[in-house]
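Residues per chain are reported as follows:
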Amino acid sequence: MRTRSQERIFNLLKTSKKGISAQDIYVELRNTNQSMGLATVYRSLEALKLEGIVQVRNLANGEALYSLAQQDKHHLTCLQCGVSIPINQCPVHDLENQLESSHKFKVFYHTLEFFGLCSQCQVNQASEISH
């Protein structure tokens, strides 16, 4: 049984096309006259996460983005400019199935994140070095 706060956040995440921070969820709810405290937003997100319907993705800058746990997320993230490039293929689905079986562990979702420099930042870095 979900609380009213959890339902409001769940409904907001259903309409969001990408991950959204707890701070932005708080602002969005306030803007639509569904105001709740920031601590309540965090508690509700945690409860939804433990239910397995919300996933969190932590960016290189420490920001946490929340979204519905519909599919696994995989990204290449540039440490310089912050661009995040989705990866569509998943090399770890077989491993996930093995781990579920061998450890009797129910996996709700997984993330795979590679950190480095995008092509544009590599060009910028090379030009800075040559000058």
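Residues numbered from 1 in each chain as written. Predicted model: local features only at pLDDT ≥ 70, side-chain atom pairs only at ≥ 80, totals over all residues. Heavy atoms only, no water.

As named in an unreviewed UniProt entry, the protein is Fur, Fur family transcriptional regulator, ferric uptake regulator, taken from Nostoc flagelliforme CCNUN1. Turning to the protein, the UniProt record has this under Sequence similarities (unreviewed entry): "Belongs to the Fur family." (UniProt positions renumbered as here; feature names shortened; annotations may be inferred.)

> I tried to follow the UniProt feature "binding site: Zn(2+)" (unreviewed entry) in the protein on my own but got confused; where do I start?
Per the UniProt annotation, the sites labelled "binding site: Zn(2+)" (unreviewed entry) are C78, C81, C118 and C121. Taken together, the annotated residues stretch across 44 residues yet fold into one region, lying no more than 8.2 Å apart by C-alpha. Considering the arrangement of structural elements, one finds C81 in the loop between β3 (73-78) and β4 (84-86). Residue C81 is classed as partly exposed on the basis of its relative accessible area of 47%. If you trace the backbone, C121 turns up in helix α5 (residues 119-130). With a relative accessible area of 8%, C121 lands in the buried category. The contacts of C121, once residues within four sequence positions are left out, are C78, Q80 and C81. (Helix = DSSP H or I, 4+ residues; strand = E, 2+ residues; numbered from the N terminus. Buried < 20%, exposed > 50% of the residue type's maximum accessible area, 1.4 Å probe, protein only. Contact = heavy atoms within 4.5 Å.)

> What am I meant to see in the side chain of S5 here?
Along the chain, S5 turns up in helix α1 (residues 4-15). With sequence-adjacent residues up to four places away left out, S5 is seen in contact with M36, T40 and S44.

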